[in-house]
Amino acid sequence: QVQLVESGGGLVQAGGSLRLSCVASRSISSNVVLGWYRQAPGNQRELVAQITTSGTTNYVDHVKGRFTISRDNAKNTVYLQMNTLKPEDTAVYYCTTFWPLSGLRYWGKGTLVTVSS
């Protein structure tokens, strides 16, 4: 089992920035893909960004150039830096860890990001 605790959400005006953090209860330093998903009211959960153990990143098109995912293995933490936020970025953001070798995936409880226009 892995517990994931997100923080950093809140209310921000359009054009502003937030940094989300997610701390894992065990090591995330090897063979694990870390990711951030989001779910807006009435919408399906969607992948926002992910980062592999080697540091390879992947972003959904509509956040490219605005969001940056990073990881600090020593702190068992993954971050999502969100800049130039838009009202359509409003959602609950979830942290996830995925071990491809075992197929195990864990989710945090989410943190709410609200962007006002």
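Up top is the structure.
Rules behind the numbers
- Residues numbered from 1 in each chain as written.
- Predicted model: local features only at pLDDT ≥ 70, side-chain atom pairs only at ≥ 80, totals over all residues.
- Heavy atoms only, no water.
- Buried < 20%, exposed > 50% of the residue type's maximum accessible area, 1.4 Å probe, protein only.
- Helix = DSSP H or I, 4+ residues; strand = E, 2+ residues; numbered from the N terminus.
- Pairing = 2+ DSSP bridges.
- Core = buried A, V, L, I, M, F, W, Y, C linked by side-chain atoms within 4.5 Å.
- Salt bridge = Lys/Arg side-chain N within 4 Å of Asp/Glu carboxyl O.
- Disulfide = S-S within 2.5 Å.
- Phe/Tyr/Trp six-rings, centres within 6.5 Å; stacked < 30°, edge-to-face > 60°.
- Axes fitted to C-alpha atoms, helices over the stretch in contact; angles between N-to-C directions.

Hey, could you run me through the pairing of strand β3 (residues 18-24) in this one?
Taken residue by residue, a regular strand's side chains alternate between the two faces of the sheet. Of all seven residues that make up β3, five are buried, and the element is covered over most of its length. Summarising the sheet, strand β1 (residues 4-7) and β3 pair through four bridges and their orientation is antiparallel. In the sheet register, Ser7 faces β3, and the bridge partner there is Ser21. Taken together, the six bridges between β3 and strand β8 (residues 77-82) define a ladder with antiparallel strand orientation. Looking across to β8, one finds that Cys22 is bridged to Val78.

Please explain the nonpolar core as it appears in this structure.
Across soluble globular proteins, nonpolar side chains show a tendency to be buried alongside one another. Residues Trp36, Phe67, Ile69, Val78, Leu80, Met82 and Tyr93 are the most contacted members of the largest nonpolar core, which totals 30 residues. At the level of secondary structure, the elements contributing two or more residues to this core comprise β3, β4 (33-39), β5 (46-51), β7 (67-72), β8, β9 (91-99) and β11 (111-116).

When you look at the pattern of salt bridges in this model, what are you seeing that I'm missing?
Oppositely charged side chains can pair when the atoms bearing their charge come close. Tallied over the full model, the rule gives four salt bridges. The salt bridge partner of Arg38 is Asp89, with a shortest N-O separation of 3.0 Å. On the criterion of sequence distance, the pair formed by Arg38 in strand β4 and Asp89 in the loop between β8 and β9 is long-range, its members being 51 residues apart. The class for Asp89 is buried, based on a relative accessible area of 1%. Residue Asp89 pairs with Arg66 through a salt bridge whose shortest N-O separation is 2.8 Å. Here the residue Asp89 occupies a position in the loop between β8 and β9, and Arg66 occupies one in the loop between β6 (57-59) and β7, the gap between them amounting to 23 residues.

What am I meant to see in the state of the cysteines here?
A disulfide bridge is the covalent bond that connects two cysteines by way of their sulfur atoms. Counted under the stated rule, the structure contains one disulfide. The disulfide bridge from Cys22 ends at Cys95, spanning 2.1 Å between sulfur atoms. What sets the handedness of the Cys22 and Cys95 disulfide is the S-S torsion sign, and at about -80° it is left-handed. Taken together, the residues span a long stretch of sequence, with Cys22 in strand β3 and Cys95 in strand β9 at a distance of 73 residues. With respect to class, Cys22 is no different from Cys95; both count as buried.

I would appreciate a short explanation of the packing of aromatic side chains in the present structure.
Aromatic ring pairs are reported here in terms of the distance separating the ring centres and the angle at which the planes meet. Scanning the entire structure with this criterion turns up two aromatic pairs. Aromatic side chains Tyr37 and Trp107 sit 4.9 Å apart centroid to centroid with 70° between the ring planes, which places their arrangement in the edge-to-face category. Linking Tyr37 in strand β4 with Trp107 in strand β10 (residues 104-107), this pair joins segments that are 70 residues apart in sequence. You can call Tyr37 buried: its relative accessible area is 15%. Between Trp99 and Tyr106, the aromatic rings sit 6.0 Å apart at their centres with planes inclined by 80°, giving edge-to-face as the arrangement.

Please explain the sheet that holds β1 as it appears in this structure.
To summarise the sheet geometry, strands pair through backbone hydrogen bonds and adopt either a parallel or an antiparallel arrangement. Judged by pairing direction, the sheet is antiparallel, and its four strands sit side by side in the order β1-β3-β8-β7 without closing on themselves. On the outer flanks of this sheet lie β1 and β7, each paired with one strand and no other. Each neighbouring strand pair of the sheet contributes to a mean axis angle of 15°, computed without reference to strand direction. Here β7 runs beside β8; their pairing, made up of six bridges, is antiparallel. Paired with Asp72 across the strands is Thr77, a residue of β8.

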